[in-house]
Amino acid sequence: MIDYLRTTLHSFVNNYQAVMWRLRECSLNDEQLGIAVGLSGNAIRNRRSKPDLWKLSDVERLAAHFTLPVTACVQLNQALHDLPINLKKLSPEERRRTERKLLVKTAQLESYNQSDWPVRNLLKMHQALDKV
């Protein structure tokens with residue numbers, strides 16, 4: 001479970017970096033890009049200046065717009081949705097140990113799965129799992 005998540009997060013981070021590079025090279029202004037990916041121009045402007053504000057679904061839409069693969073986003077989203085179910089199958093000790101590795105509790109996982117995952121949390125999780 002953790003190995004698959006680590007691999008999936010690694011693929012996502014590589015994809016995210018490629019999307020951010022394309023974003024820097026993009027000739028569209030914030031309003032045009034917002035229309036293209038279904039966000040407001042203000043949201044694009046804010047997220048360009050504060051990349052921590054990007055969400056997993058935003059990265060997927062940007063990847064599709066820039067004709068980059070979206071597979072890493074889709075697989076990560078699925079892995080994250082499966083994670084709380086798998087964690088609940090573990091013993092309480094093992095679940096807590098895994099939550100500490102991931103730097104996120106099961107309730108937070110479920111909450112982010114219902115709303116959308118902030119990229120900053122995914123990057124933190126990736127960094128934590130790289131150290132394990």
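Look a little higher up for the structure.
Quantities reported herein were computed from a predicted structural model and do not represent experimental measurements. (Residues numbered from 1 in each chain as written. Predicted model: local features only at pLDDT ≥ 70, side-chain atom pairs only at ≥ 80, totals over all residues. Heavy atoms only, no water.)

Before going further, it helps to examine the pattern of salt bridges. Scanning all chains against the criterion turns up 9 salt bridges. Put simply, Arg97 and Glu94 hold a salt bridge, and the shortest N to O gap is 2.7 Å. Taken as a pair, Arg97 and Glu94 lie in helix H6 (residues 92–102) at a separation of 3 residues, close to a single helical turn. On the basis of relative accessibility, which here comes to 39%, the residue Arg97 falls in the partly exposed class. Exposure remark for Glu94: the relative accessible area of 27% places this residue in the partly exposed category. What emerges from the salt-bridge pattern is a single network uniting Asp30, Glu31, Arg45 and Arg48. (Salt bridge = Lys/Arg side-chain N within 4 Å of Asp/Glu carboxyl O. Helix = DSSP H or I, 4+ residues; strand = E, 2+ residues; numbered from the N terminus. Buried < 20%, exposed > 50% of the residue type's maximum accessible area, 1.4 Å probe, protein only.)

Right, let's get into unusual backbone geometry. Despite not being glycine, Thr67 has its phi angle at roughly 50°, a positive value. Assignment of secondary structure puts Thr67 in the loop between helix H4 (56–65) and helix H5 (71–88). Judged by relative accessible area, Thr67 falls into the exposed class, the value being 70%.

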